[in-house]
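Understanding the architecture of this molecule
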Amino acid sequence: MFCRNPACDGTDFEEVPLSRRGRVWSYTDACYTPPVPFVAPDPYVPFCIAAVELAAEKMVVLGQVTAGVTVDELAVGTEVELVVDTLYEDDDHEYLVWKWRPVAAGAGSDARGDDA
Amino acid sequence: MPEDRRVAVMGVGMHPWGKWGRNFVEYGVAAARSALADAGLAWTDVQFVSGADTIRNGYPGFVAGATFAQALGWTGSRVASSYAACASGATAINAARAQILAGMCDVALVVGADTTPKGFFAPVGGERRDDPDWLRFHLLGATNPTYFALYARRRMELHGATEHDFATIKVKNARHGLANPNARYRKEVTVEEVLGSPMVADPLRLLEICATSDGGAALVLASMDFARRHSVGDSTVAVAAVSTVTPRFPQTVIEMPNFATDSAVAVADVGGPGFRRSVALAAYEEAGIGPEDVDVAEVYDLSSALELDWYEDIGLCKEGEAERLLRDGDTTIGGRVPVNPSGGLSCFGEAIPAQAIAQVCELTWQLRGQADGRQVDAARVGVTANQGLFGHGSSVVVTR
C-alpha cells in the first residue's frame, strides 16, 4: 500500500472509519446481467448503483444500492446510509458487501444494517 | 520561437471496422500497407515500428509491435509495444514521435488492431482480488456503461441535459458516419428510435453506448525534413502535440475502474482543472494553440452523453454550455466546430488499440480535404481526446 498523495512518502496507515451516511453524487442501474466475476442470481434481478459523496472525507464511494430500490427512488442529493448486505451465497457461505440504502427507506429494508 | 516539435503524418490507413471475427494481425497489416501506400514508402523504409497492444488476443497481442513487424516481414527495425487501455494508440504514437524528435529515426510506423468479443467488456480471466478492475465487476457489478451512466445522470442534474440531448448526439454522429467507408454502422437513426431502444444503464440506452468492434489503423510518421524530401502526396499534415498525462492528486471525480475517489481532505488546493480537462490542456500548451484555434475534433463518445462532457473538457465551450453548443448545431458538420465527423465511436464501435490512431487518421483526411461525404470546410487544426482506464490521458493535436 502506498499513500496516494505525491507529497507524502509515508507507509504507515491508520484505519479510520468513514462516515456511514452521505449524499448521492450520481446513480444508475444495471438493467442487464453484469459479466463474470459478478455472481448473478438466477433469475437476474436488476439493481441500482450509487456514487455517494461523504462530506467529512471529501470523497465519493461507489456501492450497490440495497435490493428493491429503483432509480425512481433516487436523486442527486438523496441521503443514503451504509449497510452490510449479501453479495451472493453458495452452499457453504454467505458473502457480504457494503451497500447504500436510502435513509428514508431504512425502516422497510431487510438488509442487515445496524447490527453490522 | 519555440523549437519545432512537429512530426509529419506521411501516410494514414485503416482496415474497416466491423465484427469480422478474424485474427487482429490481418487488420493491422492491412492498415499498415494502406498507410505505407498513402505515404509512397515501402515497408523496408520503416526504421521504427510502434505497436499498440491488445490484451484480448493472447501473447501476440501483448507484443503487437513485433507481431506486426513479423507479419510484414522481419527487417531488423527498432520496435516497441505499448499498452494504455483506450489510450494505447496515443501512447504508441508518442513513442514513435519521441524516436523521431530525438533524431533516432526518420520514419516510424504506428499500428493498432483488435479483435473483440461480443457484449460488455469483462475483465481479463483469472481471480485477482487485488485488481480493482476485477473487483469492480465482482463486488459492484459495475460495467463500463455503469460509469458512463453516472456521468450522464450527473450532467442531467447539474447542467440540465436531457435524454433528448443524448439521443441527438447519436443522431448527429450516425449522420456524420453515413458515408465513411471505414465505419461499421452506416445507418441513420431518429431520436425516437434511440429513445425507444432498451435501457442499459439508466439514463443510457442501447443505441447510446458504443459497441466493441474489430478494426485496424496505422500511421506513417516522419521527421519534417524527411517528409519534405520524400513526399509524393500531401504530407503537409503534422502531429503538433501528443498529451499522455496522468491525473493529479486528489482525483475528485470517480473514474473507471475505481470504487472511490481520492479523499481531498489532506490537500489544501484541489482547484485544478480535473483530469479530462487537463488532457487536452496539456496538448494545447504543447502545440502553442488554444481551443479557439480548433476547427474539428474527434472525441471518445463511449456514450452519447460523454460527448457533451468532452465539449467542455477540450475547451469548445464553458462548463454547462455543451447542451447549447449541441442544440445550436455548432458541433454538426457545417457548424462552427464539428465534432466526430467520422461518425465517432457511435458509428465505429471501439477497437481499443486502434481507436486513438483512427482518430488521427480521420483528422488527417479532414485536414487534407479528403474526407469524402463528411468533409469539414477548410479545417486546418484538429484535436483528438480520449482516456485510458486507470489514468492514461490521450490527446493529439494535428495541424497543417
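These figures come from a predicted structure and were not determined experimentally. (Residues numbered from 1 in each chain as written. Chains lettered and ligands numbered in written order. Predicted model: local features only at pLDDT ≥ 70, side-chain atom pairs only at ≥ 80, totals over all residues.)

Here the focus is the confidence of the model for chain B. Of the residues in chain B, 98% have a pLDDT of 70 or more, and the chain-wide mean is 95. On the interface metric, ipTM, the complex scores 0.93, and its pTM is 0.95. (pLDDT = per-residue confidence, 0-100.)

The step from valine 36 of chain A to proline 37 of chain A runs through a cis peptide bond, and the omega angle for that step is 15 degrees. Among the secondary structure elements, proline 37 of chain A is positioned in the loop between strand S1 (21–30) and strand S2 (47–54). In this structure, proline 257 of chain B follows methionine 256 of chain B across a cis peptide bond, with omega equal to 0 degrees. Mapped onto the fold, proline 257 of chain B is located in the loop between strand S8 (238–243) and helix H10 (275–287). Even without a glycine there, the phi angle at asparagine 340 of chain B is positive, about 55 degrees. Since 29 C-beta atoms lie within 10 Å of it, asparagine 340 of chain B is described here as buried. Unlike most non-glycine residues, phenylalanine 390 of chain B shows phi in positive territory, near 80 degrees. (Helix = DSSP H or I, 4+ residues; strand = E, 2+ residues; numbered from the N terminus. Buried ≥ 20, exposed ≤ 12 C-beta atoms within 10 Å, placed from the backbone.)

In this complex, chain B contributes 32 residues to the contact, which on the side of chain A involves 30 residues. Going through the elements one at a time, helix H5 (132–140), helix H6 (144–159) and strand S5 (199–201) of chain B are the ones with two or more residues in the side of chain B that touches chain A. The dominant element in the side of chain B that touches chain A, judged by the number of residues it contributes, is H6 of chain B, at six residues. Of the residues assigned to the side of chain B that touches chain A, the class counts are 20 nonpolar, six polar and six charged. (Contact = placed C-beta atoms within 7 Å. Nonpolar A, V, L, I, M, F, W, Y, C, P; charged D, E, K, R; others polar.)

What follows is about the pairing of strand S4 (residues 107–114) of chain B. For a regular strand, side-chain orientation follows a simple rule: the groups alternate between the two sheet faces. All names here are of chain B. The element S4 is extensively covered by neighbouring structure, given that eight of its eight residues are classed as buried. By the alternation rule, side chains of S4 split into Val107, Leu109, Val111 and Ala113 and Ala108, Val110, Gly112 and Asp114, which are all buried. Alignment of strand S2 (residues 48–52) against S4, held across five bridges, turns out to be parallel. Note that in S4 the partner of valine 49 across the bridge is leucine 109. Sheet topology places S4 next to strand S7 (residues 214–222); eight bridges connect them, and they run antiparallel. Bridging from a neighbouring strand, valine 107 pairs with alanine 222 of S7. (Pairing = 2+ DSSP bridges.)

Okay, the sheet that holds strand S9 (residues 296–299) of chain B next. All names here are of chain B. The strand order S3-S2-S4-S7-S1-S8-S11-S10-S9 describes an open sheet built from nine strands, whose pairing is mixed. Each end of this open sheet is capped by a strand with a single partner; those strands are strand S3 (78–82) and S9. Neighbour-to-neighbour, the strand axes of the sheet open up by a mean angle of 20 degrees, direction not taken into account. Bridging between strand S1 (residues 7–18) and S7 involves eight bridges; their strand directions are antiparallel. Paired with valine 12 across the two strands is leucine 219, which belongs to S7. With respect to the sheet, helix H1 (residues 24–39) is in contact with S1, S4 and S7, its orientation differing from that of S1 by roughly 140 degrees. Contacts from helix H3 (residues 64–72) reach S2, S3 and S4 within the one sheet, and its direction differs from that of S2 by about 120 degrees. (Axes fitted to C-alpha atoms, helices over the stretch in contact; angles between N-to-C directions.)

Pairing within the closed barrel is mixed, and its five strands lie in the order S1-S2-S3-S5-S4 (chain A). The sheet shows a mean angle of 40 degrees between the axes of neighbouring strands, direction not considered. With seven bridges joining them, S1 of chain A and S2 of chain A adopt antiparallel strand pairing. Bridging from a neighbouring strand, serine 26 of chain A pairs with alanine 51 of chain A of S2 of chain A. On the sheet, H5 of chain B packs against S2, strand S3 (59–65), strand S4 (79–89) and strand S5 (94–102) of chain A and is oriented at approximately 45 degrees with respect to S3 of chain A. Strand contacts of H6 of chain B: S1 and S2 of chain A, with the helix running at about 120 degrees to S1 of chain A, the strand carrying the most contacts.

Residue and element names in this part refer to chain B. Where helix H7 (residues 163–176) contacts helix H11 (residues 304–313), the axes come no closer than 8 Å and their chain directions differ by 90 degrees. By the angle class used here, H7 and H11 are roughly perpendicular. Taken together, the residues of H11 that come into contact with H7 (itself represented by Asp165, Phe166, Ile169 and Lys170) are Ser304, Ala305, Glu307 and Leu308. Its residues assigned to classes, the contact of H7 with H11 shows four nonpolar, one polar and three charged. (Parallel < 35°, antiparallel > 145°, perpendicular 65-115°, else oblique.)

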